[in-house]
Amino acid sequence: RVVAMSVSHSSRLNKLVREQYMKLPQDGLVQVTYVWIDGSGEGVRCKTRTLDKEPKSVEDVPEWNFDGSSTAQAEGSNSDMFLVPVRMFRDPFCLDPNKLVLCEVLKYNRKPAETNLRHTCKKVMDLVKESHPWFGMEQEYTLLGVNGHPYGWPDNGFPGPQGPYYCGVGADKVYGRDIVESHYKACLYAGVKICGTNAEVMPSQWEFQVGPCEGIEMGDHLWMARFILHRVCEDFGVVATLDPKPMTGNWNGAGCHTNYSTQEMRREGGLKHIEAAIEKLSKRHNYHICVYDPRGGRDNSRRLTGHHETSNIFEFSAGVANRGASIRIPRQVGQDGCGYFEDRRPAANCDPYAVTEAIMRTTVLNETGDDTKDYAAH
């Protein structure tokens, strides 16, 4: 019996016909696609305009606006929102000289939208820039058919138990590698700091890694990598979900493990600074859980069960090479006495701005408790 894969109708359009139009010259004009985070805090939106010459930097890209009432970010009676360009990338879909531009969203009064978590993250990163924080984030995601069923899974029933799929090779081990490799190349072309990819433990689940990035650059590059992923999946007619636990039962969830170091940690003897940072994190576990997914920890509670290579959401733990801990110190770091550590708690659908900001507030700015300081007032 041939199983019809659940892909979108638009993916079946004749791509050779499209290619004919994509080859047409632009006569010096440039398409710029503005990308922003919508009112869900998870979704990305985009729209495109024509500029009369190629922007050389993000400062050359003008502000724009959009209808916030259609993205759950404003009321219809006062719906215009501002798009403020913050980072520019090459466009892997329309090719040079066209651009993708990541934007912050401001409300009518020029204050940041509720889901614009970049705004405060940037302030914090500016405060701690002398510590030169480096981040690398491991974005797990799951491929679904447009019917919401994991791509490549049997229509009725389940694949075999987990074991052969992680970093697997072979048609019976991995599903959708075409998408993964296309996404990787598209990110490299765009200038996103993607540094690797692999098949994950659950079949049809994958991971890509972005970094090392310093400060605010981490959130910018991960968000653009996510946008490119969704856009590539659109071409192939499937869906990428960042849900932290897309399948209940004996299947791994999806996280966004965050690797982190400061200049002190990377230098000889840095292990003591790593241990000091972990001690600070141990006393602020609840605060971090609340910002490590968009729903105050409710999404992560489905994933952080203490099983399937996760820690328990209610307990803080740390250990060398321990994937069942909140914080993992890589074995090599333990041997070298310096390097970085991995926070394994962030959910796949976390906002990287919120995660990196929280880590800096706790480990460098020495905040404690569940409240955060407003440094604008100081």
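These numbers come from a predicted model, not from an experiment. (Residues numbered from 1 in each chain as written. Predicted model: local features only at pLDDT ≥ 70, side-chain atom pairs only at ≥ 80, totals over all residues. Heavy atoms only, no water.)

Regarding its fold elements, the chain presents 10 helices and 13 strands. Computed over its C-alpha atoms, the radius of gyration of the chain comes to 21 Å, within 12% of the 21 Å expected for a compact globule of 378 residues. Along the first, second and third principal axes, the C-alpha atoms of the chain reach 60 × 60 × 40 Å. Per-residue burial for the chain yields a buried fraction of 50% across its 378 residues. Considering only intrachain contacts with a sequence separation of at least 6, the fraction spanning at least 24 residues in the chain is 67%. For the chain, the computed accessible surface area is about 17,700 Å², with 51% contributed by carbon and sulfur atoms. Across the chain, the mean location of the 44 positive side-chain charges is 1 Å away from that of the 49 negative side-chain charges. (Helix = DSSP H or I, 4+ residues; strand = E, 2+ residues; numbered from the N terminus. Rg over C-alpha atoms; globule rule 2.2 N^0.38 Å. Buried < 20%, exposed > 50% of the residue type's maximum accessible area, 1.4 Å probe, protein only. Contact = heavy atoms within 4.5 Å. Areas by Shrake-Rupley, 256 points an atom, 1.4 Å probe, with all protein chains shown as cover. Lys, Arg positive; Asp, Glu negative; His and termini not counted. Charge placed at Lys NZ, Arg CZ, Asp CG, Glu CD.)

What follows is about helix H2 (residues 118–127). Every buried residue belonging to H2 is among Arg118, Cys121, Val124 and Met125, and all of these are buried. Buried residues in H2, looked at end-on, bunch into an arc of 125°, giving them a common side. (Arc of directions from axis to C-beta.)

The end-to-end C-alpha distance of helix H3 (residues 177–190), which contains 14 residues, comes to 20 Å, matching closely the 20 Å that a straight helix rising 1.5 Å per residue would cover. Considered for burial, the residues of H3 that qualify are Ile179, Val180, His183, Ala186, Cys187 and Ala190. Taken down its axis, H3 places every buried residue within 130° of arc, on the same side. Turned more than 90 degrees off the buried face of H3, the exposed positions are Asp178 and Lys185. Where H3 is buried, its residues contact strand E4 (80–90), strand E6 (134–144), strand E7 (194–199), strand E8 (205–214) and helix H4 (217–236). (Expected span 1.5 Å × (residues − 1).)

Aspartate 96 connects to proline 97 through a cis peptide bond whose omega is 10°. Tracing the backbone shows proline 97 in the loop between E4 and strand E5 (99–106). The omega torsion of the bond from glycine 211 to proline 212 falls at -5°, within 30 degrees of zero and hence cis. Tracing the backbone through its elements, the reader meets proline 212 in strand E8. Even without being glycine, glutamate 309 reaches a positive phi, approximately 60°. The topology assignment puts glutamate 309 in the loop between helix H8 (298–301) and strand E11 (318–320). Relative accessible area serves as the criterion here: at 39%, glutamate 309 is assigned to the partly exposed category. Unlike most non-glycine residues, asparagine 366 shows phi in positive territory, near 60°.

Across all of its chains, the model carries 8 aromatic pairs by this definition. Between phenylalanine 135 and tyrosine 260, the ring centres sit 5.4 Å apart and the planes meet at 20°, which makes this aromatic pair stacked. Here the residue phenylalanine 135 occupies a position in strand E6, and tyrosine 260 occupies one in strand E10 (residues 256–261), the gap between them amounting to 125 residues. Here phenylalanine 135 matches tyrosine 260 in class, with each residue buried. An aromatic cluster is defined as three or more aromatic residues linked by ring pairs; in this entry it consists of Phe135, Tyr260 and Phe341. Note that arginine 231 overlies the ring of phenylalanine 93, its terminal NZ or CZ placed 4.3 Å from the centroid. (Phe/Tyr/Trp six-rings, centres within 6.5 Å; stacked < 30°, edge-to-face > 60°. Lys NZ or Arg CZ within 6 Å of the ring centre and 35° of its normal.)

All right, on to a nonpolar patch on the surface then. Together, Val17, Tyr21 and Leu24 make up an exposed nonpolar region whose accessible area comes to about 340 Å². Along the polypeptide, tyrosine 21 turns up in helix H1 (residues 15–22). Accessibility expressed as a relative area gives 59% for tyrosine 21, which makes it exposed. (Patch = residues over 30% accessible without salt bridge, like charges linked within 9 Å, V, L, I, M, F, W, Y side chains within 5 Å. Salt bridge = Lys/Arg side-chain N within 4 Å of Asp/Glu carboxyl O.)

In this section: the pattern of salt bridges. Overall, the coordinates contain 24 salt bridges when judged by the stated rule. A salt bridge links arginine 118 to aspartate 220; the nearest nitrogen and oxygen atoms lie 2.9 Å apart. Here the residue arginine 118 occupies a position in helix H2, and aspartate 220 occupies one in helix H4, the gap between them amounting to 102 residues. As far as the burial class goes, arginine 118 and aspartate 220 line up, both buried.

Further remarks concern the UniProt feature "domain: GS beta-grasp" (unreviewed entry) in the chain. Those places that UniProt annotates as "domain: GS beta-grasp" (unreviewed entry) correspond, in this numbering, to residues 30–110. As a span, residues 30–110 carries 0% helix and 48% strand, and end to end its C-alpha atoms are 28 Å apart. (UniProt positions renumbered as here; feature names shortened; annotations may be inferred.)

Sheet topology note: the strand E1 (residues 30–37)/strand E2 (residues 44–51) ladder contains 8 bridges and is antiparallel. In the sheet register, tyrosine 34 faces E2, and the bridge partner there is lysine 47. Hairpin connection from E1 to E2: 6 residues lie between these consecutive antiparallel strands, with glycine 41 at a positive phi of about 80°. (Pairing = 2+ DSSP bridges.)

Contact pair H2 / helix H10 (residues 352–363): the axes reach a minimum separation of 9 Å and the direction vectors enclose 35°. When you trace H2 past H10, the crossing you get is left-handed. Across the interface between the two elements, Arg118, Thr120, Cys121, Val124 and Met125 of H2 pack against Tyr353, Thr356, Glu357, Met360 and Arg361 of H10. Here the residues of the contact of H2 with H10 sort into 5 nonpolar, 2 polar and 3 charged. (Axes fitted to C-alpha atoms, helices over the stretch in contact; angles between N-to-C directions. Left-handed = near helix turned anticlockwise from the far one by under 90°. Nonpolar A, V, L, I, M, F, W, Y, C, P; charged D, E, K, R; others polar.)

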